[in-house]
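Descriptive structure summary
So you can see what is in the structure, the chains are spelled out below.
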Amino acid sequence: MSAHIIDGKAIAAHLREEIKAQVTNLGKPVGLAVILVGDDPASHVYVGNKIKACAHVGIQSFEHKMSDEATEEEIRHVIKNLNENPDIHGILLQLPLPQHLSAVQESLVQSIAPAKDVDGLTMTNAGKLFLGMNDGLIPCTPQGSLRLIKSAEENLSGKHAVVIGRSNLFGKPMAQLLLQENCTVTIAHSRTKDLASVCKTADILVAAVGRPKMVQADWVKDGAIVIDVGINRLDTGKLCGDVDFDAVKDIASAITPVPGGVGPMTIACLLANTVKAATF
Ligand code: NAP
């Protein structure tokens, strides 16, 4: 039987409507600042999409474009001003920063006020998630992925979830969220032995690696929920995920496509975090 295709676009559109109503009900302007350093074309596209989404729900966006040669001090100065600006509720530093700033990227992220850290990457927000405190800001992609999983199955208690990938941005927070849902969680990574067998035990399989079509049909348990976080561009110019969608859709009970799955949810959850930050 062919899997239910989880429609991330539709679920994100629904969430955006809820956020729009929340913005109206707040009765005050909500502001998101986006800092974009350099001229990486993909980052420009991502930022453009985020700004468009803000406009759709009535969030004011403020774009801070900085040159490829911007220094650590210049970026730190912009972040400091935004931290102190009461009209700004969320601050997003678009990553990755240009190569010459890679050594200070983490320290710049950590200089964002935790109450405005809508990417959920500061130690305070990561710590709150780890401790199971619900007043923090949760990274957008794992938050969105959990919403997609729950659209397919509300009660995740006791299920075995396998997350492939252990990044701070995705894999680790995703595992924490699934643990909070009472899943038994396995985190797999590049050193995991016999990855295919590990994946085959998963009721919920989440792939966030960055390797096109790595997850094959014989890695997937019958009836599993499969969430594909990967975004890979093929030589043909087409986007594809980390999962061999055409083969796996005949095994899984539910699966996200790429594009149109996790991607739209990431932006919708950024908006949700910004509105949450405006209530602090
Ligand atoms: P990342 O920091 O590069 O992490 C990749 C993870 O995959 C690492 O933990 C790595 O293991 C693991 N890995 C690499 N090769 C592997 C292999 N052969 N077998 C098993 N594990 C392997 O990437 P990320 O930021 O988490 O992103 C992952 C993917 O998700 C990328 O394609 C990215 O574009 C996509 N993404 C999508 C969205 C969205 O909105 N849809 C958002 C964020 C990211 P080690 O730790 O051992 O090196």
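Overview of the structure. As the structure is a prediction and not an experimental result, all values here were calculated from the model.

Turning to the side chain of Ser-43, a few remarks are in order. Position of Ser-43 among the secondary structure elements: in helix α2 (residues 41–57). Classification of Ser-43 by relative accessible area gives buried; the value is 4%. Among the polar contacts listed, one links the side chain of Ser-43 to the side chain of Asp-40, at a separation of 2.9 Å.

A word on the site of the ligand. Neighbouring the ligand are 20 residues; Arg-166, Ser-167, Ser-190, Val-229 and Thr-266 lie closest to it. Contact distances for the ligand include 2.5 Å between an oxygen atom and a side-chain N or O atom of Ser-167. Comparing atom positions with the cavity grids shows the ligand to sit within the largest pocket. Grouping the amino acids of the shell around the ligand by side-chain chemistry returns nine nonpolar, nine polar and two charged.

Most of helix α7 (residues 171–180) is tucked away: seven of the 10 residues are buried. All of the buried residues along α7 are Gly-171, Pro-173, Met-174, Ala-175, Gln-176, Leu-177 and Leu-178. For α7, the elements touching its buried residues are α5 (123–131), α6 (140–152), β5 (160–164), β6 (184–188) and β7 (204–207). Backbone geometry just downstream of α7 places Asn-182 in the positive-phi region, at approximately 70 degrees.

To continue, consider the sheet that holds strand β2 (residues 31–37). Spatially, β3-β2-β4 is the arrangement adopted by the three strands of the open sheet, whose pairing is parallel. Each of the sheet's edge strands pairs with one partner strand only, and the pair in question is β3 (60–66) and β4 (90–93). The average undirected angle you get between the axes of adjacent strands in this sheet is 15 degrees. Pairing geometry for β2 and β3, over seven bridges, is parallel. Residue Leu-32 lies in a different strand from β3, and its bridge partner there is Ser-61.

What follows covers α6. With 13 residues, α6 should reach 18 Å at 1.5 Å per residue; the first-to-last C-alpha distance of 19 Å fits that figure. Among the residues of α6, those classed as buried are Cys-140, Thr-141, Pro-142, Gln-143, Gly-144, Ser-145, Leu-146, Leu-148 and Ile-149. Each element contacted by the buried residues of α6 is listed here: α1 (8–26), α7, β7, β8 (225–228) and α10 (262–278).

A volume near 1600 Å³ is recorded for the largest pocket. Around the largest pocket sit 49 residues that line it, and Tyr-46, Thr-141, Ile-231, Gly-263 and Thr-266 are the ones nearest its centre. Looking at the lining of the largest pocket, the elements with two or more residues in it are α1, α2, β4, α6, β9 (232–233) and α10. If one sorts the elements of the lining of the largest pocket by residue count, α2 sits on top with nine residues. Residues belonging to the lining of the largest pocket are distributed by class as follows: 26 nonpolar, 13 polar and 10 charged. Each of two domains, domain 1 (27–114) and domain 2 (139–264), supplies a minimum of three residues to the lining of the largest pocket. Volume-wise, the second largest pocket comes out at about 380 Å³. Gly-120, Leu-121, Ala-126, Asn-168 and Leu-169 are, among the 18 residues lining the second largest pocket, the residues nearest its centre. Residues belonging to the lining of the second largest pocket are distributed by class as follows: 10 nonpolar, six polar and two charged. Counting only domains with at least three residues in the lining of the second largest pocket, you end up with domain 1 (27–114) and domain 2 (139–264).

Rules used throughout
Residues numbered from 1 in each chain as written. Predicted model: local features only at pLDDT ≥ 70, side-chain atom pairs only at ≥ 80, totals over all residues. Heavy atoms only, no water. Helix = DSSP H or I, 4+ residues; strand = E, 2+ residues; numbered from the N terminus. Buried < 20%, exposed > 50% of the residue type's maximum accessible area, 1.4 Å probe, protein only. Polar contact = N/O pair within 3.5 Å; in protein donor to acceptor, adjacent residues only side chain to side chain. Near = heavy atom within 4 Å. 1 Å grid on protein atoms, 1.4 Å probe; cavity = no way out; pocket = protein on both sides within 12 Å on 5 of 7 lines; lining within 4 Å. Sits in = over half its atoms within 2 Å of the grid points. Nonpolar A, V, L, I, M, F, W, Y, C, P; charged D, E, K, R; others polar. Contact = heavy atoms within 4.5 Å. Pairing = 2+ DSSP bridges. Axes fitted to C-alpha atoms, helices over the stretch in contact; angles between N-to-C directions. Expected span 1.5 Å × (residues − 1). Points joined across faces, edges and corners; volume = space filled by probe spheres on them. Domains from an automatic or database assignment.

So, to be careful, I would describe these as geometric facts and stop short of saying anything about function.
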